[in-house]
Amino acid sequence: MSNLEERPAVVTCVAGGAQPSAAPPRGTEVITPREVPLGGPRAMTVRRTLPSRSRSLIGAWCFVDHYGPDPVSGPSGSGGMSVAPHPHTGLQTVSWLFTGEIIHRDSAGHHAAVRPGELNLMTAGRGISHSEVSTADTEVLHGAQLWVALPDDARHGEPGFAHYAPPPVTGPGYEARVFLGSLLGSQSPVATATQLLGAELVLEPGAHLSLTVDPTFEHGVLLDTGALTVAGQAAADHDLVYVPPGQDRLDLAAEDEPVRALLIGGPPFGEAIVMWWNFVGRTHEEVVAFRGAWQGQITEDGLVEGPFGRPTGERLPPIPAPELPGVRLKERR
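Residues numbered from 1 in each chain as written. Predicted model: local features only at pLDDT ≥ 70, side-chain atom pairs only at ≥ 80, totals over all residues. Heavy atoms only, no water.

A.B. asks: Would you explain helix α1 (residues 284-295) in this entry?
C.D. replies: Under the 1.5 Å per step criterion, the end-to-end length of α1 is 17 Å for twelve residues, consistent within 8% with the ideal 16 Å. Within α1 the residues assigned to the buried category are His284, Glu286, Val287, Phe290, Arg291 and Trp294. Mapping the buried residues of α1 onto a view down its axis gives an arc of 165 degrees, with all of them on the same face. At its buried positions, α1 is contacted by β6 (82-88), β11 (128-134), β26 (273-276), β27 (279-281), β28 (298-299) and β29 (302-303). (Helix = DSSP H or I, 4+ residues; strand = E, 2+ residues; numbered from the N terminus. Expected span 1.5 Å × (residues − 1). Buried < 20%, exposed > 50% of the residue type's maximum accessible area, 1.4 Å probe, protein only. Arc of directions from axis to C-beta. Contact = heavy atoms within 4.5 Å.)

Have a look at this one:
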C-alpha cells in the first residue's frame, strides 16, 4: 500500500524509539492509533500506530496501518482499494487481510492475489513500483499493511516477492498463523534480511496464552478486535502494545469476547533511517533523489521505464510524489 497522505510527515526513525517517562506495567507501552485519510472523496481511512510520537520501530518493523472492516459498496462504502502505481525503496511491504481480496501487480513481474490468512511480502530493495486494487466481488475490506526497514547491507538489492499461506496452529482457546519467523513450533519459510516475527493470533473469550519468545526481541501486539491484556497491560481496540526486550515469555489474556491480534517483533534494528512518503533511506539527499527519479518516470502518457520500472499489466495512471517539506529531512542515531 502507498502512503497517500497529501502532506506525509517527516519521520526520523531511531532504533529502539523513545522511552516513556514513566514505565507502564511490566515495561510495556500502549500506542494509540491516529486516523489517516488516504485521499479522495470516498477513500479509506486507516489507523496508524507506527511510526508514532513515542516510537518509530519495533525491530525492523517501521510502519503499521490497520483498516476496516470497511463496506465497499453502497452510499457509505469506500469503493474498495484502488491504489495506483507508486514507488518504494529500502523496505519490504507485508500485506495481511482478515476479509476481502486485493490484486497486487509490481514492476518485477509479479501478479498475485492477497487473500485472508495468506502473506504477501514484497521486497523493494533498490526500487520497485506496484499497484493494489480490491476485486469486484469484495464486499468488506479489513486488514493491515506493514513495512519492514531493510538493513544497509540489503537495501540496495534486487526487488522480489514471496507468498506464503501459513497453516493454523491450534491449542486450548487459541489459533495462530505464523507468517514470519517462528512461534509455537511453527516456522515460516519466508526469508527476511533481519530476524523478524509476524503472526496472527485468535483467542477465545477468557483464553490465556503464554508464549515463549526470544528475549533479544522487542515485540508489538496490534489488537484488531476484542479486549486483551498484554504482559499485564490492558489494551483497547486498535491499540498497539509495545513490549521491550528482556522477556522470554509474553502473556496474553482475553476478556469476555473473542480476540484477534497481530504479533510482530525482532531485535532492535540498530540503524537510523529517514522515512518519507514511500521511501526509506538514510539521508535527506537520498530521499530527494528517490523522489526525483520517480517523478522523472511520470509523463503525460503515463509511466515510462526507469529505476522503479512499471507494474506489469496495470493501466491506472501513476501516483505523483507529494512536494517535499520546506525543511531538511534529518537523520538521528
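A.B. asks: Help me understand the side chain of arginine 55, please; the structure alone is not making it clear to me.
C.D. replies: As for its placement among the helices and strands, arginine 55 is situated in the loop between β4 (45-50) and β5 (61-71). Arginine 55 sits in the buried class, given a relative accessible area of 1%. A polar side-chain atom of arginine 55 sits 3.1 Å from a polar atom in the side chain of glutamate 29. (Polar contact = N/O pair within 3.5 Å; in protein donor to acceptor, adjacent residues only side chain to side chain.)

A.B. asks: Explain the side chain of glutamate 200 here, please?
C.D. replies: Mapped onto the fold, glutamate 200 is located in strand β18 (residues 197-203). Notably, glutamate 200 is buried but unbridged: the nearest opposite-charge side chain belongs to arginine 177, and the N-O separation is 4.7 Å. Side-chain polar atoms of glutamate 200 contact the side chain of tryptophan 96, separated by 2.6 Å. (Lys, Arg positive; Asp, Glu negative; His and termini not counted. Salt bridge = Lys/Arg side-chain N within 4 Å of Asp/Glu carboxyl O.)

A.B. asks: What exactly am I supposed to notice about empty space enclosed by the protein here?
C.D. replies: Any empty space left between atoms is shown by rolling a water-sized probe over those atoms. Summed over the entire model, instances satisfying the criterion amount to three cavities of 30 Å³ or more. Roughly 50 Å³ of volume is contained in the second largest cavity. Taken together, ten residues make up the lining of the second largest cavity; nearest its centre are Tyr67, Ser95, Ile102, Glu132 and Gln145. Breaking the lining of the second largest cavity down by element, the ones donating at least two residues are β7 (91-99) and β12 (140-149). Residues that form the lining of the second largest cavity fall into these classes: seven nonpolar, two polar and one charged. (1 Å grid on protein atoms, 1.4 Å probe; cavity = no way out; pocket = protein on both sides within 12 Å on 5 of 7 lines; lining within 4 Å. Points joined across faces, edges and corners; volume = space filled by probe spheres on them. Nonpolar A, V, L, I, M, F, W, Y, C, P; charged D, E, K, R; others polar.)

A.B. asks: Hey, could you run me through the sheet that holds β5 in this one?
C.D. replies: Each strand in a sheet pairs with its neighbour through backbone hydrogen bonds, running either in the same direction (parallel) or in the opposite one (antiparallel). Taking strand neighbours across the sheet as the criterion, the seven strands line up as β3-β4-β5-β12-β7-β10-β13 in an open arrangement whose pairing is antiparallel. Edge positions in the sheet fall to β3 (34-37) and β13 (160-164), since each of these pairs with one other strand and no more. If you compare each strand with its neighbour and ignore which way they point, the axes differ by 20 degrees on average. Bridging between β7 and strand β10 (residues 119-123) involves four bridges; their strand directions are antiparallel. (Pairing = 2+ DSSP bridges. Axes fitted to C-alpha atoms, helices over the stretch in contact; angles between N-to-C directions.)

Geometry only, nothing functional implied.
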